[in-house]
Amino acid sequence: PILLRLLSEAQHEPGMCSFYEECGRNPSAGETLLPPIVPCLNYSPARALAGEHYRKLKKVCPVLDRGEGNTFACCSIKQLSSLAMSLTLSKAVLVRCPSCAENFAHLHCINTCSPNQSQTVKVTKVDNVTNPVTNVTREAVVAYQAFISTSFADTSFQSCRNVRIPATGGFAIATMCGRYGAKLCTPQYWYDFQGDSSNGLAPLDIDFQLVKDGDTQGLPPGVIPYNGRALRCNETTPSGGEVCSCQDCQESCPKMPPPQMPPGPFRILGMDGFLVISIILLCVLMCTFLLYLAVSCFVRSQKRKDEEKGKRKGKGKDQNTQAFLSSEFRRWGTIMASYPLTVLLVSAVVVAVFSVGLKSIELTTDPVDLWSAANSRARQEKDFHDSHFGPFFRTNQLILTAPGRKGHVYNSLLFGPQNFSGLVSKDLIIELLELQTRIRDIKFWSEDLNSTASLKDVCFAPLNPSNPSVTDCAVNSLPQYFQNSLYNINDKKNVTQLGVTAEVDWRDHLIYCLNSPLSFKDITGLDMSCMADYGAPVFPFLAVGGYQNDDFTNAEAFILTFSLNNFARNNPKLKVAMQWETEFLKIVQDYKKNPAANFTFAYMAERSLEDEINRTTAEDIPIFMISYAVIFVYIAVVDSKFLVGLGGILVVGCSVLASMGFYSWIGIPSSLVILQVVPFLVLAVGADNIFIFVLEYQRDVRRPGEKREEHIGRVLGNVAPSMLLCSLSESICFFLGALSTMPAVRSFALYAALAVLMDFVLQMTAFVALLSLDARRQDNNRCELACCVTVSTQRSNEPNEGFLLPLMRKYYAPVLLHSYTRIIVMVVFIFMLCGSVFLMFNVTVGLDQELAMPQGSYMLDYFHYLYKYFEVGVPVYFVTKRGFNFTTVDGMNAVCSSTGCDQFSLTQKIQYATNYPELSYLAIPANSWVDDFIDWLNPGSRCCRLYTTLGSNNGKFCPATDIRCLRKCMKNPPDGVLRPSTENFNRFLPDFLGNRPDLQCPKGGLGAYDTAVVRDETSRFMAYHTPLTNSQEFTAALLKARELAYNITMSMRNVSGTSPDFEVFPYTITNVFYEQYLTIVPEGLFNISLCLLPTFVVCCLLLGLDLRSGLLNLLTIIMIIVDTVGVMTLWGIHYNAVALINLVTVRTRPPCRPLKSMMLKRLVRFLALRIYGSLHVWPVSSAQHQRFSFS
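Numbering of residues starts from 1 in each chain and follows the order in which that chain's sequence is written. Local features in a predicted model are, by the rule used here, given only for residues with pLDDT of at least 70; side-chain atom pairs are given and counted only at 80 or more, and totals for whole chains, interfaces and linings are based on all residues. Excluding hydrogens and water, the side-chain values take into account all heavy atoms of the structure.

1. What about the overall build of the protein chain?
Put simply, the rule is: Helix and strand definitions here come from DSSP, where helices need a minimum of 4 consecutive H or I residues and strands a minimum of 2 consecutive E residues; each element is numbered from the N-terminal end. Burial classification: accessible surface area is computed with a 1.4 Å probe over protein chains only, and a residue below 20% of its type maximum counts as buried, one above 50% as exposed, and the rest as partly exposed. By the convention used here, residues are in contact when the closest approach between their heavy atoms is within 4.5 Å.
Secondary structure summary: the protein chain contains 38 helices and 32 strands in total. Classification of the 1191 residues of the protein chain by burial places 53% in the buried group. By sequence separation, contacts in the protein chain at least 24 residues apart represent 72% of the contacts at least 6 residues apart.

Okay, here's the thing in structure tokens:
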């Protein structure tokens, strides 16, 4: 009571101190990050400073310097040393902005050393402290109030609130505002954190009282709130410091016009422009059609006789070409049918020779190798990045939810009422920790290592990459805020605040860490760190998801991520990593089946995408078998031709095997796409030809005196020209498809082209021989399976028309060819064409990842969870190529974003882009090793020191943890802008990159930058995209990143000494998959045009130079393409490589010709012969007629 009375009666007078000198350790302090040395209670006059005492004050607190002999202060040399050490820790993150660092030091110098100390502080608590050396007990100050004007506090706070930490892209003030983080931080919260001894940095409690200017109500008598002049962030400092950079100070930013908005939708007269064009096209086509009807009626009525003569003239021209083809195929068919066994033997030998190449077949399964050309820009950028920095690490992740659990409101003594979702509960955190521990402890035998392998053998360990332990592995999760310790989760303490005592537990620690993840010690009284056990921070968006407005404790999902090192395909450690991922998937899948599990979750491993795509091959085997069985049954049941059906299937299969074997011989790799698609494609083409051939043979009557072989040859002569027309155009278009730059498409086109060609050759040889053998069996009345058994029933020589041919001839054709019906059909199809033109311009380009997965894949759930719960997008690296000199002052200024840097430097331009995330798709600015390297060298921090002891270490780098090192690497620059010389740059850069960050030096480059710099070669700067949820956003983000990188490249080339071919490019792991969609539309149109040309030429040549029929075929194919794309828009099918496989026959990207066009070619040929040819010489195939009915 006496002490409290003395404290309350203490005078607040100018020139008087409230405390002086150091008494010892604060007895009420727990575990701290710095020694909590507190001052002695000492109400006495301020001391005049001279000599070493004065020089020390001038160095630490220049704001109090009034010249030697005129400077008074209330602090001793020991106090100044302790203050300097404390300020050094803060300056390490604030030194980027000189005015902020000076304002921060300004206030603490006033509180500790001001000659009018008693007027600005009021001691509120003292305690007895015994000096362990002298054994003298004295009264020490352990708490006081500091009175500050709001104008000084607000200006100081504003100068610091936007200072960034380049390594993380976040704000420095987020680490200095406790649970409020950067977003909710205010001057009062900021000072409250600085004065809280539980933060591990403040040696005693300081109650900052912010008083409005001129307001004296409630102030103790004599107290005058400090109202010195705080510097704005766009002001220079008295010590020579430059203004803060734009990235750290918005007031320093140049006035820039807002970015250009993307162009709006195409409009004409306020309407959708494409709709207007479609309407105009409809009107033009309808008018043209009506004009054609009028002119044709007039011409037909006036010149009927001339038209008949014209038909006869045309007959000779077409008949010559068709007669030649039919005659040659008839002769060929007769020969093949005459020697069936020899033909089959030769065919089998040829197929066998080709198929032997399958022993050396090479399957490409890597999605990058499949869908990205080796010479494409994105692939070259990926190869450059991976060769210099290594492949992007492998991600293995779980996203866990607990739907249906009821949340609660936690009334925290320290933080007030806080909402906790049902997910964020102690039992679920412990369950998550148990699952995490089970995965972390995975062990398995590795043949590649010839030993037992575990996570430490393959994990990404940023702070100990050379010899990691399991705890060094980068595992990001919510339990990491408790260092994966069950003891820490269960820890609790009673804490008294403002006279109220309550229990604090894991919830208080979690609230604090989610808002201040970079803290080494919380302020809850639990005295726990927020850093992960592997030494790095876990940012909230890496631990939880599905929250709103940074309300982290109300999150709907936990995120658990194991990061592994990635390796080249030929590195044995890749197999070890993939084996670990296999074990990871087993554990996760077993846990998912466990009925006792309380989580609903989705998961993925790095190998999952490739595994699931490959799994579709096995799932397609039943479909493959069913398709071939259907074709076999169809052929077999027609006149009981079991062997013919089986032979047709074997012909198709042999053509595929021969194609695959041939390309395996010459070293062109195959893929699962080829195994899945080519057999179906060849089946479609081959079965169509077989249908026509078999049905024509069954419906044709052998003429009197005609031999069986001649009969087969004549039938082949009737149908082979149309088979040649289709197969030849198909094969040519496929070979043109090999011009594609996409590896999977190119190999698919080559394999398909040869398979189609081989299928036609085998049909003209082996299948004709099989049909000849079957006809011989029938002529001898032998059973098909029991060929030795003869039956007495004679084979009917009457043609079998079936039911479709009469239906088409008697009903469908007369109705369709009626004059009114034809007009209606033409009008309907004109409407369809114009409508499809409009829809075609609105088709969505892209391929969402979900569509690449098989039905029921666990990856579908993962993508759903990813898009729903993740709050940040994929990282994007801005990579600099060789040719830029970082060691010069101009080079550093063109890259960095701190004081003295160019306003339009590399990192500053990225910062500008993040101000408009909806346009740039960039959410978090790039980290910058150049900025942190400069800050690391700054003599105001403790990071870069040199040994001064005699011996081998003299003059070498000394870590900040060694307190014996006092020599600084760099001196304070006269202009306040630190830039190392080229010699010092090269000397200290390796030390910076190998320096592990800690509390004494948070700017160390190990982990953040050690793999981001390849000296004299390249470097990279990492930013983050906004959350990207579909292929359109991924493609747009790629485009915008390239535009930004090009802009940066052009400005950096203007720096003296920069190579003219220097380049900056953006790299994201998804670029190789989405780059194709930047050009797929123009490339698709070009290749469609390119592939339609041979279709037109082949059709005209094989139809006897009939340009009219060729144009009709060409126009109809174009209509099919347009209508199909229009239907794709209606059904929500995206325009992409997968869709184009179904849209065209030649390749996935870009298209060439629809499958239905081969039916069209047959129909055009049939009609051309019907109209222009002699029916006596060219009898219409009834089999063809029936086959057309299917079309």
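2. Examining the packing of aromatic side chains
The condition that has to hold: We call Phe, Tyr and Trp rings a pair once their centres come within 6.5 Å, taking the six-membered ring for Trp, and we label the pair stacked below 30 degrees between planes, edge-to-face above 60, and tilted otherwise. Placement of a positive charge over a ring is assigned whenever Lys NZ or Arg CZ falls within 6 Å of the ring centre and within 35 degrees of the normal to the ring plane.
According to the stated counting rule, one finds 47 aromatic pairs in the structure shown. Plain terms: the ring middles of Y591 and F601 are 5.6 Å apart, the flat faces sit at 35 degrees to each other, and that makes the pair tilted. Of this pair, Y591 sits in helix 18 (residues 572-593) while F601 sits in strand 23 (residues 600-604), and the two are ten residues apart along the sequence. Among the aromatic residues, those joined into a ring-pair cluster are F884, F886, W929, F933, W936, F957, F985, F992, Y1009, F1021 and F1062. Its guanidinium or amino end placed over the ring of Y877, R1020 lies 4.3 Å from that ring's centre, counting from NZ or CZ.

3. Things to note about the state of the cysteines
As a reminder of what qualifies: Disulfides are defined as pairs of cysteine sulfur atoms found within 2.5 Å of each other.
All told, the structure shown has 15 disulfides when counted by the stated rule. Across the disulfide from C97 sits C244; the S-S distance is 1.7 Å. In this structure the cystine formed by C97 and C244 twists about its S-S bond by roughly 75 degrees; its chirality is therefore right-handed. Here C97 is found in the loop between helix 3 (77-94) and helix 4 (98-113), whereas its partner C244 is found in the loop between strand 9 (205-211) and strand 10 (267-268), with 147 residues between them in sequence. Residue classification places C244 among the buried positions, given a relative accessible area of 1%. The disulfide partner of C246 is C253, and the S-S distance across this bridge is 1.9 Å. Linking C246 and C253, the disulfide has an S-S dihedral of approximately 95 degrees and is accordingly described as right-handed. According to the relative accessible area criterion, C253 is partly exposed, its value standing at 25%. This cysteine, C834, is not joined by any disulfide, and C283 carries the nearest cysteine sulfur, 8.4 Å off.

4. Observations regarding the sheet that holds strand 29 (residues 967-968)
Let me state the cut-off plainly: A pair of strands is considered paired only if DSSP assigns at least 2 bridges between the two.
Spatially, three strands are ordered 28-27-29 in an open sheet, and the strand pairing comes out antiparallel. The outermost strands of the open sheet, each flanked by one partner alone, are strand 28 (957-958) and strand 29. Both strand 27 (residues 945-946) and strand 29 contribute to a ladder of two bridges, which runs antiparallel. Bridge assignment links R945 to a residue of strand 29, and that residue is K968.

5. Let's talk about the pairing of strand 13 (residues 394-401)
Among the eight residues of strand 13, eight are classified as buried, and the element is accordingly described as predominantly covered. Along strand 13, one buried face is formed by R394, N396, L398 and L400 and the opposite face, lined by T395, Q397, I399 and T401, is buried too. With seven bridges joining them, strand 13 and strand 22 (residues 557-564) adopt antiparallel strand pairing. If you follow Q397 over to strand 22, its bridge partner there is T561.

6. Overview of helix 35 (residues 1107-1130)
Selection rule: Here the expected length of a helix is defined as 1.5 Å per residue gap, with one fewer gap than residues.
Taking 1.5 Å of rise per residue, the 24 residues of helix 35 would be expected to cover 34 Å, and the 35 Å separating its terminal C-alpha atoms lies within 8% of that figure. Those residues of helix 35 lying buried are S1109, G1110, N1113, L1114, I1117, I1121, V1122, D1123, V1125, G1126 and M1128. Just past helix 35, the residue G1132 takes up positive phi, approximately 75 degrees.

7. Concerning unusual backbone geometry
Even without being glycine, Q483 reaches a positive phi, approximately 55 degrees. Relative to the helices and strands, Q483 resides in the loop between strand 18 (475-476) and helix 15 (486-490). Looking at Q483, the relative accessible area reads 22%, which means it is partly exposed. Backbone geometry places D550, a non-glycine residue, at a positive phi of 60 degrees. Position of D550 among the secondary structure elements: in the loop between strand 21 (544-545) and strand 22.

8. Topic: a nonpolar patch on the surface
Test applied: Here the term patch refers to residues with relative accessible area over 30% and no salt bridge, with like charges joined within 9 Å and nonpolar side chains (Val, Leu, Ile, Met, Phe, Trp, Tyr) within 5 Å. Values of accessible area rely on a 1.4 Å probe in the Shrake-Rupley scheme; residue burial ignores everything except the protein chains shown. Any Lys or Arg side-chain nitrogen found within 4 Å of a carboxyl oxygen on Asp or Glu counts as a salt bridge.
Nonpolar side chains collect at one region of the surface, where L291, V295, F298 and V299 lie side by side and expose about 370 Å² of accessible area between them. Overall, the relative accessible area of 32% leaves V299 in the partly exposed class.

9. Overview of the pairing of strand 31 (residues 1018-1025)
For strand 31, the buried fraction is high: eight of the eight residues fall into the buried class. In terms of strand pairing, strand 25 (residues 875-880) meets strand 31 through six bridges, oriented antiparallel. Residue pairing for strand 31: T880 is matched across the bridge by S1019. By the bridge criterion, two bridges tie strand 26 (residues 922-924) to strand 31 in an arrangement that is antiparallel. Looking at the pairing, L922 lines up with H1025 of strand 31. Across two bridges, strand 30 (residues 1013-1014) lies against strand 31 in antiparallel orientation. Each residue of the ladder has a partner; that of V1013, found in strand 31, is S1019. Connecting strand 30 to the antiparallel partner strand 31 that follows it, the hairpin turn spans three residues, and D1016 within it adopts a positive phi of roughly 65 degrees.

10. Focus: the nonpolar core
As a reminder of what qualifies: Nine residue types can take part in a nonpolar core, namely buried Ala, Val, Leu, Ile, Met, Phe, Trp, Tyr and Cys, and a core is a set of them joined through side-chain atoms within 4.5 Å.
Membership of the largest hydrophobic core comes to 156 residues, with the highest contact counts inside it found for L398, I439, L510, F558, W580 and F584. Top element by residues in this core is helix 18. It accounts for ten residues. Discounting chain neighbours no more than four positions away, the residues touching I439 are L398, L560, F562, W580, F584, I587 and V588. Residues C896, L906, F988 and A1023 belong to the second largest nonpolar core, which totals 45 residues.

11. With respect to the confidence of the model for the protein chain
Here is the rule we go by: Looking at any residue, its pLDDT shows the predictor's confidence there, from 0 to 100.
Per-chain confidence: the protein chain averages 85 in pLDDT, with 89% of residues scoring 70 or above. The spread of mean pLDDT over the elements of the protein chain runs between helix 38 (residues 1182-1190), the lowest at 33, and strand 32 (residues 1064-1067), the highest at 97. Note on residues 1-6: pLDDT is under 50 here. Beyond four places in sequence and across chains, it has two contacts. Here residues 311-318 is a poorly scored stretch, pLDDT under 50, and it has twelve contacts once near neighbours within four places are set aside; other chains count.

12. Structural notes on the pattern of salt bridges
For the coordinates displayed, the defined rule picks out 30 salt bridges. In this structure, the salt-bridge partner of D527 is K521, at a minimum N-O distance of 2.8 Å. Residue class for K521 comes out buried when judged on its relative accessible area of 5%. Among the ionic pairs, R607 bridges to D611, the shortest N-O distance being 2.6 Å. Using a relative accessible area of 18% as the deciding quantity, one classes R607 as buried.

13. A look at the side chain of E709
What counts here: Counted as a polar contact is a pair of N or O atoms within 3.5 Å, where, for protein atoms, one must be capable of donating a hydrogen and the other of accepting one, and residues adjacent in sequence contribute only when both atoms are in side chains.
By secondary structure assignment, the location of E709 is in helix 22 (residues 708-737). At 3.0 Å, the side chain of E709 forms a polar contact with the side chain of R708. Beyond its immediate sequence surroundings of up to four residues, E709 is in contact with T334, A337 and S338.

14. Comments concerning helix 2 (residues 51-60)
To keep it simple, the criterion reads: Read the arc as the range of directions from the helix axis to the C-beta atoms.
For helix 2, the set of buried residues is H53, Y54, L57 and V60. Seen along its axis, helix 2 keeps its buried residues to an arc of 140 degrees; they face one direction. Those residues of helix 2 hidden inside the fold are in contact with strand 1 (16-25), strand 4 (72-73), helix 3 and helix 4.

15. Notes on the side chain of R1020
As a reminder, the rule being used: Positive charges come from Lys and Arg alone, negative charges from Asp and Glu alone, with His and the N- and C-terminal ends not counted.
Along the polypeptide, R1020 turns up in strand 31. Here R1020 sits buried without a salt bridge, and the closest side chain of opposite charge, D386, lies 7.1 Å off (N-O distance). Within polar-contact distance, the side chain of R1020 engages the side chain of H385 at 2.8 Å. With residues up to four places along the chain from it excluded, the contact list for R1020 reads H385, F389, Y877, F878, V879, W929, T1011 and A1012.

16. Examining the packing of helix 25 (residues 819-840) against helix 35
Applied cut-off: Axis geometry follows a simple rule: fit a line to the C-alpha atoms, using only the stretch in contact for helices, then measure angles between N-to-C directions, giving values from 0 to 180 degrees. We call two directions roughly parallel when the angle between them is under 35 degrees, roughly antiparallel when it is over 145, roughly perpendicular when it lies between 65 and 115, and oblique otherwise. Each helix crossing is assigned a hand: it is left-handed if the near helix lies turned anticlockwise from the far helix by less than a right angle, otherwise right-handed if that turn is clockwise. Any residue that is not Ala, Val, Leu, Ile, Met, Phe, Trp, Tyr, Cys, Pro, Asp, Glu, Lys or Arg is counted as polar, Gly included; the first ten are nonpolar and the last four charged.
Running from N to C, helix 25 and helix 35 point in directions that differ by 60 degrees, and their axes come no closer than 8 Å. The angle between the axes of helix 25 and helix 35 places the two elements in the oblique class. Here the hand of the crossing between helix 25 and helix 35 comes out left-handed. Side by side, helix 25 and helix 35 meet where F829, M832, L833, S836, V837, L839 and M840 of the first sit next to M1119, V1122, D1123, V1125, G1126, T1129 and L1130 of the second. Here the residues of the contact of helix 25 with helix 35 sort into ten nonpolar, three polar and one charged.

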